[in-house]
Amino acid sequence: MAVTPVQVTGTVLTIRRVDAYHALTVVAPAVADRFRPGHFVTVSTGGPATATLTRRAFAVHDVKPDYGGTVEFVFTVRGAGTSWLAARRARDTLDLVGPLGRPFPLPRDPCRCVLVGSEYGSASLFALADVLQGRGCRIDFVLGAASADRVFGALRARRIGETTTLTTEDGSLGMRGQVADVLAGVIADTRADVVYACGPRDMLRAVTAVAIELDIPAQVSVEEAMACGTGLCMTCVLPVIGDDGVTRMVRACAEGPVFRGERVRFEDVGTIPFDALGAPRGLGGMG
Amino acid sequence: MTTTGTVDLRAYLGHVELPNPVLTASGCAGMGRELAQFADLTRLGAFATRSITMAPRAGRPTPRMAETPSGLLNSVGLQGPGIEAFLEEELPWLAGHGVRTIVSIGGGSVAEFAALARRLADATGVTAIEVNLSCPNIEDRGRLFARDGSSAAEVVAAVRGATRYDVPVIAKLAPDVADVVAVARSCVDGGADALSMINTPQGMAIDVDAMRPALAAGSGGLSGPAVRPLAVRCVWQVHAALPGVPIIGMGGVLTGRDALELILAGACAVAVGTALFHDPNACPRILRELEDLLHERGFDRLADAVGLAHRPVLRNDLKESSL
Ligand SMILES: Cc1cc2nc3c(=O)[nH]c(=O)nc-3n(C[C@H](O)[C@H](O)[C@H](O)COP(=O)(O)OP(=O)(O)OC[C@H]3O[C@@H](n4cnc5c(N)ncnc54)[C@H](O)[C@@H]3O)c2cc1C
Ligand SMILES: Cc1cc2nc3c(=O)[nH]c(=O)nc-3n(C[C@H](O)[C@H](O)[C@H](O)COP(=O)(O)O)c2cc1C
Ligand code: FES
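Described below are features of the structure shown in this document. (Residues numbered from 1 in each chain as written. Chains lettered and ligands numbered in written order. Predicted model: local features only at pLDDT ≥ 70, side-chain atom pairs only at ≥ 80, totals over all residues. Heavy atoms only, no water.)

Some words on the site of ligand 2
Defined as follows: Residue proximity to a molecule or strand is established when one non-hydrogen atom of the residue lies within 4 Å of it. Polar contacts here mean pairs of N or O atoms no more than 3.5 Å apart (in protein, one a potential hydrogen donor and the other a potential acceptor; neighbouring residues in sequence count only if both atoms are side-chain atoms). Residue classes follow a fixed rule: Ala, Val, Leu, Ile, Met, Phe, Trp, Tyr, Cys and Pro count as nonpolar, while Asp, Glu, Lys and Arg count as charged, and any other residue, Gly among them, counts as polar.
Inspection of the region around ligand 2 gives 21 residues, with Ser26(B), Ser51(B), Lys172(B), Gly252(B) and Thr274(B) positioned closest. The site occupied by ligand 2 is bordered by residues of chains A and B. Between an oxygen atom of ligand 2 and a side-chain N or O atom of Asn199(B), the distance comes to 3.3 Å. Backbone polar atom of Gly251(B) to an oxygen atom of ligand 2: 3.4 Å apart, as the coordinates give it. Tallied by class, the residues present in the shell around ligand 2 amount to 7 nonpolar, 13 polar and 1 charged.

A short note on the side chain of Arg156(A)
Residue and element names in this part refer to chain A. Convention followed: Helix numbers and strand numbers start at the N terminus; a helix is a DSSP run of H or I with at least 4 residues, a strand a run of E with at least 2. Residue contacts are defined here by distance: any two heavy atoms, one from each residue, within 4.5 Å place the two residues in contact.
Within the secondary structure, Arg-156 sits in helix H4 (residues 154-160). Polar contacts involving the side chain of Arg-156 include one to the side chain of Asp-62, which spans 3.2 Å. Contact partners of Arg-156, with chain neighbours within four places excluded, come to His-61, Asp-62, Phe-126 and Asp-130.

A closer look at the pattern of salt bridges
To keep things clear, this is the line we draw: In the sections that follow, a salt bridge refers to a side-chain nitrogen of Lys or Arg positioned within 4 Å of a carboxyl oxygen of Asp or Glu. Three labels apply to residues, based on accessible area from a 1.4 Å probe with only protein chains included: buried if under 20% of the type maximum, exposed if over 50%, partly exposed otherwise in between.
Inspection of every chain in the model, using the stated rule, returns 35 salt bridges over all chains. A salt bridge links Glu90(B) to Arg50(B), with the nearest nitrogen and oxygen atoms 2.8 Å apart. Here Glu90(B) is found in helix H2 (residues 83-96), whereas its partner Arg50(B) is found in the loop between strand E4 (47-48) and strand E5 (65-68), with 40 residues between them in sequence. The exposure class assigned to Arg50(B) is buried, which follows from its relative accessible area of 12%. With its nearest N and O atoms 3.7 Å apart, the salt bridge here joins Glu296(B) to Arg297(B). Glu296(B) gets classed as exposed once you look at its relative accessible area, which sits at 59%. Each of Asp62(A), Lys64(A), Asp130(A) and Arg156(A) takes part in a single network of salt bridges with overlapping partners.

Side note on the sheet that holds strand E6 (residues 71-74) of chain B
Residue and element names in this part refer to chain B. Rules: At least two bridges found by DSSP between two strands are what make those strands a pair. To obtain each axis, a line is fitted to C-alpha atoms, and for helices this fit is confined to the stretch in contact; angles are then taken between N-to-C directions over 0 to 180 degrees.
The antiparallel open sheet is built from 4 strands, whose spatial order is E5-E6-E16-E13. Looking at strand neighbours, the two that pair on one side only are E5 and strand E13 (202-204), the edges of this open sheet. Across the sheet, the mean angle from the axis of one strand to that of its neighbour is 40°, orientation sign disregarded. Across 3 bridges, the pairing between E13 and strand E16 (residues 219-223) is antiparallel. Bridged to Met-204 within E16 is Ser-219.

Quick look at the interface of chain A and chain B
How large an interface is tends to be reported as the accessible area lost when its parts come together. At the junction of the two partners, chain A supplies 36 residues and chain B supplies 45 residues. On the surface where chain A and chain B come into contact, there are 2 salt bridges. As a salt-bridge pair, Glu34(B) and Arg251(A) come within 2.9 Å of each other at their nearest N and O atoms. Remark: the boundary between chain A and chain B carries 13 residue pairs in polar contact (both at pLDDT 80 or more).

Some remarks on helix H3 (residues 125-134) of chain A
All names here are of chain A. Among all positions of H3, only Leu-125, Phe-126, Ala-127, Leu-128, Ala-129 and Leu-132 are buried. Looking at the buried positions of H3, the neighbouring elements they touch are strand E4 (56-64), strand E7 (112-118), strand E8 (138-145), H4 and strand E11 (194-198). Looking one or two places after H3, you find Gly-136, whose phi comes out positive at around 80°.

Some thoughts on the pairing of E8(A)
Residue and element names in this part refer to chain A. Here is the rule we go by: By definition, the crossover connecting two strands over a helix is right-handed if that path, from the first strand to the second, turns clockwise as seen with the strands pointing away from the viewer.
Counting buried residues in E8 gives 7 out of 8 residues, a clear majority hidden from the surface. For E7 and E8, the ladder comprises 7 bridges, and the chain directions are parallel. Among the inter-strand pairings, Leu-115 is bridged to a residue of E8, identified as Phe-141. For the crossover from E7 across H3 to E8, the handedness is right-handed. Here 5 bridges tie E8 to strand E9 (residues 164-168), and the two strands are oriented parallel to one another. Directly across from Ala-145, in E9, lies its bridge partner Thr-168. Handedness of the crossover joining E8 and E9 through H4: right-handed.

Details of unusual backbone geometry
Note that the residue after Gly98(A), namely Pro99(A), is joined by a cis bond; omega there is -5°. Residue placement: Pro99(A) occurs in strand E6 (residues 93-100). Following Thr62(B), the chain continues to Pro63(B) via a peptide bond in cis, the omega torsion being 0°. Checked against the element boundaries, Pro63(B) lands in the loop between E4 and E5.

Shown next, in the form of structure tokens:
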């Protein structure tokens with residue numbers, strides 16, 4: 001059963017720089033209580049009379065029991081919303097909705113898991129690692145980014161993973177290249193049973209291709225532009241193949257953000273595949 | 001201070017009485033279940049479904065949304081499972097939970113609208129039917145019904161003819177038309193029991209970094225506070241011309257003040273759309289704020305505020321207020 005999200009006004013506990021990112025911790029016991037790895041939250045940005053009406057989505061990095069329950073997320077400054085967030089200070093308040101989305105499914109029995117993260121996508125993998133380790137799973141990390149300062153969580157990964165492989169596109173840390181380039185080797189070395197991944201769409205597509213090639217399942221957490229995050233607006237859809245073999249345009253915020261990688265038609269994101277349920281036939285276009 | 005219960009908030013759509021005037025706007029509240037996680041749907045004046053179509057529709061490609069100043073552009077394109085799945089899975093859930101439901105319908109021809117209305121005629125749990133006229137007429141080279149009074153009237157008459165007498169038919173109008181009053185009048189002549197306005201006017205945004213349209217579909221519907229003045233103007237003009245016709249006002253309502261603005265222009269109820277994306281608890285909050293505002297202004301009944309801004313200012317009123 002999915003958990004019921006709540007809307008709360010939380011107080012910012014800390015905001016700090018972590019390499020290229022900002023990490024914001026907010027007191028929100030009702031969100032923290034319900035959290036499972038893979039959940040995300042949305043934040044209203046710009047204050048009470050804001051002109052930016054769509055909430056910004058962030059994967060939850062960590063929850064802690066302090067002050068009844070805190071939620072931390074890690075973000076990069078992109079536009080108006082994230083600039084506003086980066087200017088928050090301790091004791092400011094934040095309008096938060098969460099936890100949202102379908103969390104990472106967990107294996108029934110102990111198994112070997114490779115956790116793959118790119119850029120701030122790594123942030124959502126650590127809570128997952130804790131739960132998997134609690135179930136007796138072996139954890140190996142593959143983390144990457146464009147440059148060393150954008151690789152998130154390398155130290156923590158080294159502490160909790162059996163092995164940690166790092167990649168950067170400019171070669172400033174670890175192997176030069178992208179996470180998918182080294183993934184096949186890591187899966188082979190660790191004889192992994194499953195891959196969990198979070199990062200940009202192209203990275204998820206490449207990771208899924210490797211997992212399919214090596215015939216192990218991949219659970220991937222996608223990031224699509226969202227106007228609501230709560231399943232109301234239908235703007236965040238992508239083509240996903242259902243259990244019945246039929247492709248549907250499903251909501252990343254409600255049916256996702258975590259999907260079985262091989263079910264996501266990454267090549268067709270941004271289109272309506274002709275064989276999707278309800279795809280236009282000839283005369284299209286309504287509304 | 002709480003004023004709950006001091007103002008009579010009942011609103012009427014034809015013969016149907018709603019306990020309060022705050023509704024959800026079509027296409028902005030999912031199937032109901034999503035919003036029910038945050039707010040009690042039975043406390044709404046009514047819940048409006050997204051526009052239901054005959055066949056399942058996958059909608060438009062993504063990106064489907066772009067944020068604009070105080071607004072949102074969308075090109076969802078009426079994605080939905082089609083009427084059969086709606087009748088099997090969605091409507092029974094709403095009816096079973098006691099939610100007053102306005103079923104919005106969307107079609108590409110008069111015949112298709114009529115067929116949708118017939119499919120709904122014997123369904124339980126339909127409080128009213130809203131006809132989404134912002135659909136292209138495939139028999140008129142894709143011209144929107146909402147832009148052509150006579151085809152809009154034909155659709156409304158066909159839906160009215162196929163619908164039980166005690167279920168009101170609401171015609172939903174678009175603001176980006178030559179003469180909204182003329183279209184409104186045609187719809188009422190066609191048998192509409194009420195009107196709702198505004199649907200989203202067409203807009204466009206270009207991503208100057210990518211140097212391409214921000215939406216995959218190019219243009220999309222603009223909603224949110226950015227369109228509120230358009231909504232106020234449409235409600236004002238239509239209420240002035242057709243004072244006896246109930247109007248559901250919508251377009252950028254974020255607060256009780258915004259709702260009151262549309263009511264003073266002539267709306268007897270208001271619908272909340274884009275605000276729900278920002279605040280899933282918007283409907284109960286707006287209702288509370290509206291009730292407080294009415295109370296502060298000395299109203300005992302919501303109905304007394306409907307269209308009040310049209311009343312000429314009497315010299316007596318001026319004298320009293322300047323005392
Ligand atoms: C499920 C999910 C989890 C996410 N987790 C993180 C995270 O942990 N850390 C992080 O830094 N970012 C994360 N993002 C992306 C983050 O939501 C965007 O960076 C943020 O919305 C940008 O807002 P802005 O106002 O700064 O940018 P602008 O470009 O000004 O935003 C304009 C509009 O586009 C939307 N938008 C822009 N970029 C994105 C994007 N990449 N994804 C979704 N919507 C976007 C915004 O919500 C807003 O509506 C996540 C997105 C999703 C969907
Ligand atoms: C994402 C989205 C989907 C919508 N879908 C529909 C729809 O299916 N049928 C319809 O009649 N109006 C639809 N609308 C229009 C709204 O019902 C409403 O008329 C409009 O958005 C103005 O109100 P608002 O500013 O409160 O959102 C949609 C609007 C949005 C933003
Ligand atoms: S973001 Fe609105 S439905 Fe997913």
